[in-house]
Amino acid sequence: MGRFFTAAALVVVLLPIWVLAAAKHHEEEPMRLRFGGDGQFKILQVADMHYADGKTTPCEDVLPSQVAGCSDLNTTAFVQRMIQAEKPNFIVFTGDNIYGFDATDAAKSMDAAFAPAIASNIPWAAVLGNHDQESDLSREGVMKHVVKYKSTLAQLNPSDQDVIDGFGNYNLEVGGVQGTGFENKSVLNLYFLDSGDYSTVPSIPGYGWIKPSQQFWFQQTSAKLKKAYMKKPEAQKTPAPGLAYFHIPLPEYASFDSSNFTGVRQEGISSASVNSGFFTTLVEAGDVKAAFTGHDHLNDFCGKLTGINLCYAGGFGYHAYGKAGWDRRARVVAATLEKTNTGGWGAVKSIKTWKRLDDQHLSTVNSEVLWTKSSAGARRKKPIGGP
């Protein structure tokens, strides 16, 4: 596992804002995110921090030599290290941000958990897991607290939806480079959904799922974004790529084995016990190229099914179950724009991902290309019943 880092050994470095953030309140400026002049947009995913009460909260599943002095502050230090190393344009926390059962005060726990992101001035967002509401705030109360933080782009729910299940369903648009024909277009679309906590149907055991009302909102939003992207100026023939973030994996995550994924699978797929059809909804929409979840801390793989990458981030937090000797980790996704004939920046050309380990060198592992524009062309149609 390498050298073990303590929170006290790290100094927070404030980073410059890498994205457009002219307005103070995100309601006033819908397109807060934008590709920079380098043609890249980088996202840091932090899954399952399980933050509780800070330095008094012990670590779980670490080596005996690491137990002394290990606490939530090690999780904080890891977030800081990742921000300093990757300098992301955007940070996404994908649920179980706090571990409600052990958090004495949910608001204070969240204050500490999100502190590195807030201090960095980098725009960030969050969705809820199944443990966030188990302290002294309801699920709605937790999300209402999140959306009040500085530099967050998280939203309670879509303003145009009267009825939608859960809290924290929203989308964010990533604009093209300023000064190009894509500056007023969203060239990368980010979808965030509340995958619930536990089943509310007595006859169905287990975890929650993404409900029909949420899927309907996603379909509407995807269709609207596709229509705008394929209009002038710079009318495109195919939709802008999208990425989806939520906490609980879909049942389709169980479709893979070691022969067709990158990373490791060290535990079962803890999806809902029913299939709500969201994967089919994603396939039908056609724009989402990858979905990113947490929940199962010992899985960190990416596998492609029907053109969509289903990816885990791997456990991040130290007050979360893990595996002694298996480093905590984070996932990074980087979208890169294509160069135009005039030397400017155009649409998204490729989307890549890798993970970083919380070891001595913040080792990079499992780099892979999730999607490229050249591979997104129309498939040759086969006659029904044909070969």
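Numbers given for residues are sequential positions, taken from 1 along each chain in its written order. Given that the model is predicted, a residue must reach a pLDDT of at least 70 before its local features are reported, and side-chain atom pairs must reach 80 or more before they are shown or counted; all residues, however, enter totals for whole chains, interfaces and linings. Side-chain numbers here rest on the full set of heavy atoms in the structure, without hydrogens or water.

**Q** Just checking my understanding: could you explain the overall build of the protein chain for this structure?
**A** The numbering of helices and of strands both runs from the N terminus, where a helix is a DSSP run of H or I of at least 4 residues and a strand a run of E of at least 2. What the protein chain contains, in helices and strands, is 6 helices and 14 strands. Taking all 387 residues of the protein chain together, the buried fraction comes to 56%. Put simply, 70% of the contacts in the protein chain that link residues at least 6 apart link residues at least 24 apart. Note on areas: Shrake-Rupley with a 1.4 Å probe; residue coverage comes only from the protein chains shown. Split by element, the accessible area of the protein chain, about 16,100 Å² in all, is 53% carbon and sulfur. Each residue gets one of three labels from its accessible area relative to the maximum for its type: buried under 20%, exposed over 50%, partly exposed in between, using a 1.4 Å probe on protein chains only. For this analysis, residues touch if any pair of their heavy atoms sits within 4.5 Å.

**Q** Explain the pairing of strand β5 (residues 170-175) here, please?
**A** Along any regular strand the residues' side chains alternate between the sheet's two faces. Of all 6 residues making up β5, 5 are buried, and the element is well covered by its neighbours. In this structure, strand β1 (residues 33-34) lies alongside β5, joined through 2 bridges in parallel fashion. Bridging across to β5, Arg34 finds its partner in Gly175. Sheet topology places β5 next to strand β6 (residues 186-192); 6 bridges connect them, and they run antiparallel. Counted as the bridge partner of Glu173 is Asn189 from β6. Only when DSSP finds a minimum of two bridges between them are two strands counted as paired.

**Q** Can you help me understand helix α5 (residues 212-229) in this one?
**A** Note on helix geometry: an α-helix contains 3.6 residues per turn, so any two residues three or four positions apart are oriented the same way. If you check α5, its first and last C-alpha atoms are 26 Å apart, about what 18 residues at 1.5 Å a residue would give, namely 26 Å. What α5 keeps buried is the set Ser213, Gln214, Gln215, Trp217, Phe218, Thr221, Ser222, Leu225, Lys226 and Tyr229. Multiply 1.5 Å by the residue count of a helix minus one, and that product is the helix's expected span.

**Q** Any chance you could explain the sheet that holds β5 here in plain terms?
**A** Strands pair in a sheet through their backbones, by hydrogen bonds, and they do so in one of two ways: parallel or antiparallel. As summarised here, the arrangement of the 8 strands in space is β1-β5-β6-β7-β9-β11-β10-β8, forming an open sheet in which the pairing is mixed. The outermost strands of the open sheet, each flanked by one partner alone, are β1 and β8 (261-262). Direction of pairing for strand β9 (residues 288-293) relative to strand β11 (residues 308-312): parallel, over a ladder of 4 bridges. Paired with Phe292 across the bridge in β11 is Cys311. For helices, the fitted axis covers only the stretch in contact; all axes are lines through C-alpha atoms, and the angles between them, taken along N-to-C directions, range from 0 to 180 degrees. Where α5 meets the sheet, it contacts β5, β6 and β9, and its direction lies at approximately 175° from that of β6. Seen against the sheet, helix α6 (residues 278-285) touches β9, β10 (302-305) and β11 and runs at an angle of roughly 135° to β11.

**Q** Would you mind going over the sheet that holds strand β13 (residues 345-357) with me for this structure?
**A** As summarised here, the arrangement of the 6 strands in space is β4-β3-β2-β12-β13-β14, forming an open sheet in which the pairing is mixed. Looking at which strands have only one partner, the edges of the open sheet turn out to be β4 (124-127) and β14 (364-372). In this sheet, neighbouring strand axes are inclined to one another by 20° on average, regardless of whether the strands run parallel or antiparallel. In terms of strand pairing, β13 meets β14 through 6 bridges, oriented antiparallel. Each residue of the ladder has a partner; that of Arg356, found in β14, is Thr364. This element, helix α1 (residues 72-86), spans β2 (40-46), β3 (90-94), β12 (329-339) and β13 of the sheet and lies at about 140° to β13.

**Q** Please explain the packing of aromatic side chains as it appears in this structure.
**A** In this description, an aromatic ring pair is defined by two values, namely the gap between the centres and the angle between the planes. What counts as a ring pair is set by centres within 6.5 Å for rings of Phe, Tyr and Trp (its six-membered ring), and what kind of pair is set by the plane angle: stacked under 30 degrees, edge-to-face over 60, tilted for all other angles. The full count for this structure, using the stated rule, is 22 aromatic pairs. Ring geometry for Phe192 versus Tyr245: centroids 5.8 Å apart, planes at 20°, classification stacked. In this pair, Phe192 sits in strand β6 while Tyr245 sits in strand β7 (residues 242-245), placing the two residues 53 residues apart along the sequence. Both residues of the pair, Phe192 and Tyr245, belong to the buried class. Residues Phe218 and Phe278 carry aromatic rings whose centres are separated by 5.7 Å and whose planes lie at 80° to one another, so their mutual orientation is edge-to-face. Residue Phe218 is found in helix α5, and its partner Phe278 is found in helix α6; the two are separated by 60 residues along the sequence. Across the pair, exposure class does not vary: Phe218 and Phe278 are buried alike. Distance and angle both matter: a charge sits over a ring if NZ of Lys or CZ of Arg is within 6 Å of the ring centre and within 35 degrees of the ring normal. Above the plane of the ring of Trp326 lies Arg329, whose end atom (NZ or CZ) is 3.6 Å from the centre. Here Lys339 stacks its cationic end above the ring of Trp345, 4.3 Å away from the centre of that ring.

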